[in-house]
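Below are the chains, spelled out letter by letter.
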Amino acid sequence: DKIGTPERPLSDMGQLSYSSYWKDTILALLRDDLAMSTIKDISQKTAIEEADVKITLDSLKLLSYYKGRYSVNRVNSKVIEEYFAKKLLSKRRSTLAVVFKAVHLDWQPPE
């Protein structure tokens, strides 16, 4: 995959959309691949630009800096669990169906 980033500057809506996508993609990778520990590894695996990975991890408090190198802070792995728990709850709420029974609907077009 080719690593890339959106054209800058991003609009407010573009920033919100991309940030959401980056967060979802990166957290899913970290949840599923425990060996993932560097920004470069995450960038190569997700095709998200390293700068965008760094900003996303930093915003989630999952970024550590030690001896001149950045790495994923696994101490805060609760962030990953909470994110997916909230996402699952939100998905369940949004899929609650409202059922209409045609026999109970009484509608007449306006004259």
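Everything in this summary refers to the structure shown in the same document. (Residues numbered from 1 in each chain as written. Predicted model: local features only at pLDDT ≥ 70, side-chain atom pairs only at ≥ 80, totals over all residues. Heavy atoms only, no water.)

For an α-helix, 3.6 residues make a turn, and residues three or four places apart therefore share a direction. Taken residue by residue, helix H3 (residues 50-59) has Asp-52, Val-53, Thr-56 and Leu-57 as its buried positions. Relative to the axis of H3, the buried residues are bounded by an arc of 130 degrees and lie together on one face. Exposed residues lying more than 90 degrees from the buried face of H3 are Ile-55 and Ser-59. Looking at the packing, one finds that the buried side of H3 touches helix H1 (12-32), helix H2 (39-46), strand E1 (63-66) and strand E2 (69-72). Looking one or two residues beyond H3, the residue adopting positive phi is Lys-61, at roughly 60 degrees. (Buried < 20%, exposed > 50% of the residue type's maximum accessible area, 1.4 Å probe, protein only. Helix = DSSP H or I, 4+ residues; strand = E, 2+ residues; numbered from the N terminus. Arc of directions from axis to C-beta. Contact = heavy atoms within 4.5 Å.)

Counting through the fold element by element, Thr-25 comes out in helix H1. A distance of 2.8 Å separates the side chain of Thr-25 from the backbone oxygen of Tyr-21, its partner in a polar contact. When sequence neighbours within four positions are dropped, the list of residues in contact with Thr-25 reads Thr-46 and Ile-48. (Polar contact = N/O pair within 3.5 Å; in protein donor to acceptor, adjacent residues only side chain to side chain.)

Glancing now at the pattern of salt bridges. For the structure on display, the rule yields three salt bridges. Residue Lys-87 pairs with Asp-24 through a salt bridge whose shortest N-O separation is 2.4 Å. Separated by 63 residues along the polypeptide, Lys-87 in helix H4 (residues 78-94) and Asp-24 in helix H1 bring together distant segments of the chain. (Salt bridge = Lys/Arg side-chain N within 4 Å of Asp/Glu carboxyl O.)

What follows is about the pairing of E1. Note that E1 and E2 share four bridges and pair antiparallel. Each residue of the ladder has a partner; that of Tyr-65, found in E2, is Tyr-70. Here E1 hands over to E2 after two residues, with Lys-67 in that stretch at a positive phi of 50 degrees. (Pairing = 2+ DSSP bridges.)

Before going further, it helps to examine the nonpolar core. Ranked by size, the top nonpolar core spans 19 residues in total, and within it Ile-26, Leu-27, Leu-30, Ile-42, Val-53, Leu-57 and Leu-62 carry the most contacts. Broken down by secondary-structure element, the contributors of at least two residues to this core are H1, H2, H3 and H4. Looking at this core, the element that brings in the most residues is H1, giving six residues. The residues contacting Val-53, other than those within four sequence positions of it, are Ile-26, Ile-39, Ile-42, Ser-43 and Ile-48. (Core = buried A, V, L, I, M, F, W, Y, C linked by side-chain atoms within 4.5 Å.)

To characterise two packed helices, one gives the angle between the axes of the helices and the distance between these axes. Where H1 contacts H2, the axes come no closer than 11 Å and their chain directions differ by 110 degrees. With respect to their mutual orientation, H1 and H2 come out roughly perpendicular. For the pair H1 and H2, contact is made by Thr-25, Ile-26, Leu-29 and Leu-30 and by Ile-42, Lys-45 and Thr-46, respectively. Each residue belonging to the contact of H1 with H2 can be placed in one class, and the counts come to four nonpolar, two polar and one charged. (Axes fitted to C-alpha atoms, helices over the stretch in contact; angles between N-to-C directions. Parallel < 35°, antiparallel > 145°, perpendicular 65-115°, else oblique. Nonpolar A, V, L, I, M, F, W, Y, C, P; charged D, E, K, R; others polar.)

In this fold, Gln-44 is placed in helix H2. With 29 residues separating them along the chain, Gln-44 and Asn-73 place their C-alpha atoms 18 Å apart.

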